[in-house]
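Chains, contacts and geometry: an overview
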Amino acid sequence: MSRGDDRSARGRDGDGRPDRGRDGDHRASGRDTDAPPLLSVRDLRTQFPTVEGTVRAVDGASFDVYPGETVCLVGESGSGKTVACESITRLVDSPGEVVDGEVRFDDRDLLDRSERELRAVRGDRIAYVFQDPQGSLDPVYTVGEQVAEAVRDRNDVGKRAAHGRAVELLDRVGLPNPASRADDYPHQLSGGMKQRVAIAAALAGDPDLLIADEPTTALDVTIQAEILDLFAELGAEEGLATLFVTHDLGVVAGIADRVVVMYAGRVMERGPVTRVFERPAHPYTRGLLDSLPGRGGERIGGEPPEPLNQPDGCPFHPRCPHAVGECRSGDGPPLYGVDGGGEAACVFHDGVRDPTVLDSAPESNSDPESDPESESDPEPEPNSEAEPTTDGAPRGATREADASASDADGGNR
Ligand SMILES: Nc1ncnc2c1ncn2[C@@H]1O[C@H](COP(=O)(O)OP(=O)(O)OP(=O)(O)O)[C@@H](O)[C@H]1O
Ligand code: NI
């Protein structure tokens with residue numbers, strides 16, 4: 001039985017939400033464009049008090065995730081991606097604390113809920129997958145026992161039914177020979193298979209939102225691509241919404257409907273993936289894109305600010321080739337609407353004041369036909385350009401379909 005059937009049988013689709021991803025429409029993703037956001041994060045602030053001062057790990061971030069879509073959180077190391085994800089269900093390690101903001105999920109503020117209520121939301125409605133599958137599995141139990149335990153935690157079923165469901169879930173995530181593999185211990189599985197098991201456990205409560213923090217970073221490149229395909233499938237076939245953290249823009253090109261670019265705890269730019277890749281409106285986003293192998297490969301000069309020593313104004317101004325006086329003082333620019341969808345926190349967002357900010361794109365940007373190919377190549381090695389279609393092509397094609405859909409209706413998001 002597929003998970004979709006199971007949902008219907010349990011009446012979860014009877015809540016007025018459209019039956020997503022099974023109608024063979026033009027979108028490859030299961031994104032539901034008419035529904036209100038599933039998750040709406042507003043002005044989120046999470047801080048860590050330290051002896052040297054307060055680290056503002058997330059400093060006023062706002063973004064949405066709609067039902068069935070994949071939103072990628074990107075940004076250099078230390079930009080606050082992980083802390084933002086943890087803040088959504090208040091998983092932040094002490095002494096870290098969410099000090100302000102709103103996290104609306106299904107129209108209730110999660111930040112108001114008790115720890116007990118949040119525990120029920122976690123795993124059931126919102127599930128997490130982390131970078132290191134080893135860390136999420138217990139070495140002394142078989143993988144079948146662990147997934148079955150996750151099933152029993154979230155559903156009122158007996159041992160035998162839970163085991164059957166565990167095998168189904170292991171099959172769903174593409175574990176070969178799931179019935180016999182269920183008896184394996186984690187150390188008997190490869191890294192990619194362990195990550196599949198962790199994903200199966202995350203699916204045990206039939207969540208609506210999966211938060212995946214660099215789930216493929218620890219895996220080698222071909223396995224990475226397979227796991228990314230699995231995430232894409234889960235979105236398209238089961239209407240699962242995903243908030244996906246990565247610092248790899250090649251990965252973003254392959255799976256995202258929309259992108260949120262973070263820097264120094266703030267959102268620098270957000271919008272439909274095609275618009276952001278083709279016409280980035282923030283110099284930081286452009287810098288990240290220009291560092292892709294297919295786009296010049298040059299890293300942004302300088303380093304992100306020290307957590308305890310943030311500059312005034314736009315946090316990116318010390319590294320920005322376009323910075324002017326007003327970028328260096330005040331609280332930094334607000335998010336301005338950008339043509340084609342989304343927003344950018346830059347005074348040059350519309351190219352009116354200084355067209356060079358938006359026009360300084362590399363040559364390849366002027367050819368929209370060939371561009372997505374190089375973007376979608378998830379392989380960071382220098383030789384990856386030689387064989388861009390090996391596994392980049394199918395996902396590149398998927399993304400184009402997704403992204404044009406996002407683009408068409410993304411103007412107000
Ligand atoms: N326990 C902690 N105590 C103090 N500061 C912390 C703690 N955890 C995170 N931070 C700070 O919060 C900021 C955001 O960290 P976070 O881990 O969210 O970044 P990230 O974008 O996920 O980076 P990466 O790509 O390396 O995973 C960083 O400046 C980090 O130093
Ligand atoms: Ni992180």
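None of these values were measured; they are calculated from a predicted model. Within each chain, residue numbers correspond to sequence positions counted from 1 in written order. Following the order in which they are written, the chains are lettered starting with A and the ligands numbered starting with 1. Per-residue local features of the predicted model are confined to residues with pLDDT of at least 70, and side-chain atom pairs are confined, for both listing and counting, to 80 or more; whole-chain, interface and lining totals are unaffected and use all residues.

Focus: the UniProt feature "domain: ABC transporter" (unreviewed entry) in the protein
- In this structure's numbering, the residues bearing the UniProt feature "domain: ABC transporter" (unreviewed entry) are residues 39-289.
- Think of it this way: any DSSP run of H or I at least four residues long counts as a helix, any run of E at least two long counts as a strand, and we number them from the N terminus. The span residues 39-289 carries 41% helix and 27% strand; its end-to-end C-alpha distance comes to 27 Å. UniProt positions are given in the numbering used here, feature names are shortened, and annotations may be inferred rather than shown by experiment.

Notes on the packing of helix H6 (residues 159-172) against helix H8 (residues 191-203)
- Axes here refer to lines fitted to C-alpha atoms; in helices the fit is confined to the stretch in contact. Angles between the N-to-C directions go from 0 to 180 degrees. Packing of H6 against H8 brings their axes to within 9 Å, and their N-to-C directions diverge by 125 degrees. By the criterion of interaxial angle, the relationship of H6 to H8 is oblique. Taken as a pair, H6 and H8 cross one another with a handedness that is right-handed. Note on element contacts: H8 touches H6 through Val197, Ala200 and Leu203, opposite Leu169, Leu170 and Arg172. What sets the label is the angle itself: under 35 degrees gives roughly parallel, over 145 gives roughly antiparallel, 65 to 115 gives roughly perpendicular, and the rest give oblique. Left-handed is the label given to a crossing in which the near helix is rotated counterclockwise from the far helix by less than a right angle, and right-handed is the label when the rotation is clockwise. We call two residues in contact when their backbone-placed C-beta atoms lie within 7 Å.

Overview of the environment of Tyr185
- Locating Tyr185 in the fold gives a position in the loop between helix H7 (178-181) and H8.
- Taking the number of C-beta atoms within 10 Å as the measure of exposure, Tyr185 has 15 and is therefore partly exposed.
- Residues within four places of Tyr185 in sequence aside, it is in contact with Pro139 and Thr142. Once C-beta atoms are placed from the backbone, each residue is buried if 20 or more other C-beta atoms lie within 10 Å of its own, exposed if 12 or fewer, and partly exposed for counts between those two.

What to know about the site of ligand 1
- Around ligand 1, the structure places 16 residues, and the nearest of them are Ala57, Ser77, Lys81, Thr82 and Val83.
- Within the residue set of the shell around ligand 1, elements represented by two or more residues are strand S1 (39-50), strand S2 (53-65) and helix H2 (81-88).
- The element best represented in the shell around ligand 1 is H2, accounting for 3 residues.
- Residue composition of the shell around ligand 1, by class: 5 nonpolar, 9 polar and 2 charged. Nearness rests on one distance test: the residue's C-beta atom, set from the backbone, must lie within 6 Å of the molecule or strand. Each residue gets one of three labels, nonpolar for Ala, Val, Leu, Ile, Met, Phe, Trp, Tyr, Cys and Pro, charged for Asp, Glu, Lys and Arg, and polar for the others, Gly among them.

Comments concerning the sheet that holds strand S4 (residues 97-105)
- The pairing criterion for strands is at least two bridges between them, as found by DSSP. Here 4 strands make up an open sheet; going across it, the order is S2-S1-S4-S5 and the pairing antiparallel. Among the strands making up the open sheet, the edge pair consists of S2 and strand S5 (108-109).
- Where S1 lies against S2, 10 bridges are found, and the strand directions are antiparallel. Bridge pairing links Leu44 to Ala61 in S2.

Comments concerning helix H9 (residues 221-238)
- The first and last C-alpha atoms of H9 sit 25 Å apart over 18 residues, in line with the 26 Å expected at 1.5 Å per residue.
- All of the buried residues along H9 are Gln224, Ala225, Ile227, Leu228, Phe231, Ala232, Leu234, Gly235, Ala236 and Glu238.
- Positive phi shows up at Gly239, right after H9, with a value of about 65 degrees. Under the convention used throughout, the expected extent of a helix is 1.5 Å for every residue step, that is, one less than its residue count.

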